[in-house]
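# Residue-level structure breakdown
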Amino acid sequence: MFSRFLVTIIAARMLEPRRFIQIVSGPRQTGKTTAIVQALEKIGLPYHFISADDPNLTSAEWLENEWELSRIQARQGEAILVVDEIQKIPDWSAIVKLLWDEDSRKNLKLKVLLTGSSTLLLQKGLSESLMGRFEMLHSPHWSYQECKEAFGYSLDDFLLYGGYPGAAPLIKEEERWARYIGTSIVEPTIAQDVLLMEEVRKPALLRSLFMLGSNYSGQELSFTKMLGQLTDAGNTVTLAHYLDLLSKAGVLTGLQNYSGNKLRTRKSSPRFMVFDTSLMTYTEGTGRHLLLENRVKRGHLVESAVGAYLLARSKSDDFEIYWWRERDKEVDFVIKKGNKLTAIEVKSGRVRNAGGGLEFRKLYPETLVLTVGDVNLSLENFLSGKQVLFANDAR
């Protein structure tokens, strides 16, 4: 069975002396549970695995009882408790803090590993109770290199069908694949993860925004223009808030136009970007084959694949992602890490004015300029992680 690098990281953390609660978060269906099980089998320590997916079981009393079972194991030596989808337990962070601190006082060698799909619900709980007691591990969508090694994907396969491992066996049956994406990923993410984050007064608008934004991935669209394309559209503040919720759920985000002026950056129109190209393909409907055959549509698909790769890397490498345009000069992506800047242009087949990266470097002379898709840096090599993203970084 294929093993992601995340498995190695989890295994290493579980073999360390008990210091922090380890929390694995990431979008639905990216293989968090599978990675944890593989890591546990690899290290061989006794463990107790429980899931909060069953609403009839999840309560403070249930968690305390299961925790006590793990304590029995830990009294014989090191042991691990895994709680899957922890955010579904009401007031989970306060309960975990109480039990973790009690184990710490008693020097009990019980290590704790938690998972969650709702990033916002996790962050809310962590900020309330568990500061200083945890480390986060991110489980992103699968990369091109992982899909190539695990499923034999070609580059075109990856562009169309993205990085959801559960959908990989279905790519030869397009409608079946689409039903899986809709029922196992899109609908649960919106109906459960996003709508449970906080009150959403217009869920139909949230769904419409997801569909529109995914379909326009790689393109700029102002909130004002969106109002004309969405039914029951509300106002631009509502749209911006809903886009933020979709971003925290790991499905769709809006990149801002880079500027040295932070206020100007925040006020710019977003460029939509899916976290995985499968979401763009899914919203295309019956014309999915045109995404590869039509030069403009393929261009947006390629740019979205690059954007999704950067979004995944930004979590582990801790950098920010923007785009940039001044008059007729444009850069597809600008990434910023501390004082380091990199401008990334993507040769995707779309017709556009060239020279955006050089123009950007005139304004910011220390910028590293990369062109994905030229003779020096192919799209395949970039998506395979064979290019450093910032000047002076080790490969």
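Everything here concerns the structure above.
Described in the following lines is the structure provided in the data block. Please read these numbers as outputs of a predicted model, since none were measured by experiment. Residues take numbers from 1 onward in each chain, read along the sequence in its written order. Per-residue local features of the predicted model are confined to residues with pLDDT of at least 70, and side-chain atom pairs are confined, for both listing and counting, to 80 or more; whole-chain, interface and lining totals are unaffected and use all residues. Heavy atoms throughout the structure, all of them, feed into the side-chain values; hydrogens and water do not.

## What about helix 4 (residues 92-105)?
- Strands are runs of DSSP state E lasting at least two residues, helices are runs of H or I lasting at least four, and both sets are numbered from the N terminus onward. A helix is expected to reach a length of 1.5 Å times the quantity of its residues less one. With 14 residues, helix 4 ought to run about 20 Å at 1.5 Å a step, and its terminal C-alpha atoms sit 20 Å apart, in line with that.
- Relative accessibility thresholds used throughout: buried, under 20% of the residue-type maximum; exposed, over 50%; partly exposed, between the two (1.4 Å probe, protein chains only). Within helix 4, the full set of buried residues consists of Trp 92, Ser 93, Ile 95, Val 96, Leu 99, Trp 100, Asp 101 and Asp 103.
- Positive phi appears at Asn 107, one or two residues downstream of helix 4, with a value of about 55 degrees.

## Remarks on the sheet that holds strand 1 (residues 21-25)
- Spatial ordering of the open sheet is given by 2-3-4-1-5, a layout of five strands whose pairing is parallel. Of all strands in the sheet, those bounded by a partner on one side alone are strand 2 (47-51) and strand 5 (134-138). Pairs of neighbouring strands in the sheet enclose a mean axial angle of 20 degrees, with direction left out of account.
- For two strands to be treated as a pair, DSSP must find at least two bridges joining them. Note that strand 1 and strand 4 (residues 110-116) share four bridges and pair parallel. If you follow Gln 22 over to strand 4, its bridge partner there is Leu 113. Angles shown run from 0 to 180 degrees and are taken between the N-to-C directions of axes, each axis being a line fitted to C-alpha atoms and, for helices, limited to the stretch in contact.

## Brief notes about the environment of Val 331
- When you line up the elements, Val 331 lands in strand 9 (residues 329-337).
- Taking the C-alpha atoms as reference points, Val 331 and Phe 210, 121 residues apart in sequence, are found 24 Å from one another.
- What Val 331 contacts, discounting residues up to four positions off in sequence, is Arg 271, Trp 323, Trp 324, Ala 343, Ile 344, Gly 356, Gly 357 and Phe 360. By definition, residues are in contact when any of their heavy atoms lie within 4.5 Å.

## Brief notes about the environment of His 300
- Mapped onto the fold, His 300 is located in helix 15 (residues 295-317).
- We classify His 300 as buried; its relative accessible area is 9%.
- Between the C-alpha atom of His 300 and that of Phe 158, which follows or precedes it by 142 residues, the distance is 14 Å.

## Comments concerning the pattern of salt bridges
- Any Lys or Arg side-chain nitrogen found within 4 Å of a carboxyl oxygen on Asp or Glu counts as a salt bridge. For the structure on display, the rule yields 25 salt bridges.
- With a closest N to O distance of 3.0 Å, Arg 4 and Glu 146 form a salt bridge. Here the residue Arg 4 occupies a position in the segment before helix 1 (5-15), and Glu 146 occupies one in helix 6 (residues 144-151), the gap between them amounting to 142 residues. The exposure classification of Arg 4 matches that of Glu 146, with both residues buried.

## Description of the packing of aromatic side chains
- Classification of ring pairs rests on two measures: the distance between centres of Phe, Tyr or Trp rings, Trp counted by its six-membered ring, which must be within 6.5 Å, and the angle between planes, read as stacked under 30 degrees, edge-to-face over 60 and tilted in between. All chains considered together, the criterion is met by twelve aromatic pairs.
- Plain terms: the ring middles of Phe 151 and Tyr 153 are 5.8 Å apart, the flat faces sit at 45 degrees to each other, and that makes the pair tilted.
- In this structure Phe 151 comes out as partly exposed when scored by relative accessible area, which is 34%.
- Note on Tyr 258 and Tyr 364: the rings are 5.5 Å apart at their centroids and 75 degrees apart in plane angle, and the pair reads as edge-to-face. Of this pair, Tyr 258 sits in the loop between strand 6 (252-255) and helix 12 (262-267) while Tyr 364 sits in the loop between helix 16 (356-363) and strand 11 (368-372), and the two are 106 residues apart along the sequence.
- Of the aromatic side chains, those joined through ring pairs into one cluster are Tyr 258, Tyr 322, Trp 324, Phe 360 and Tyr 364.

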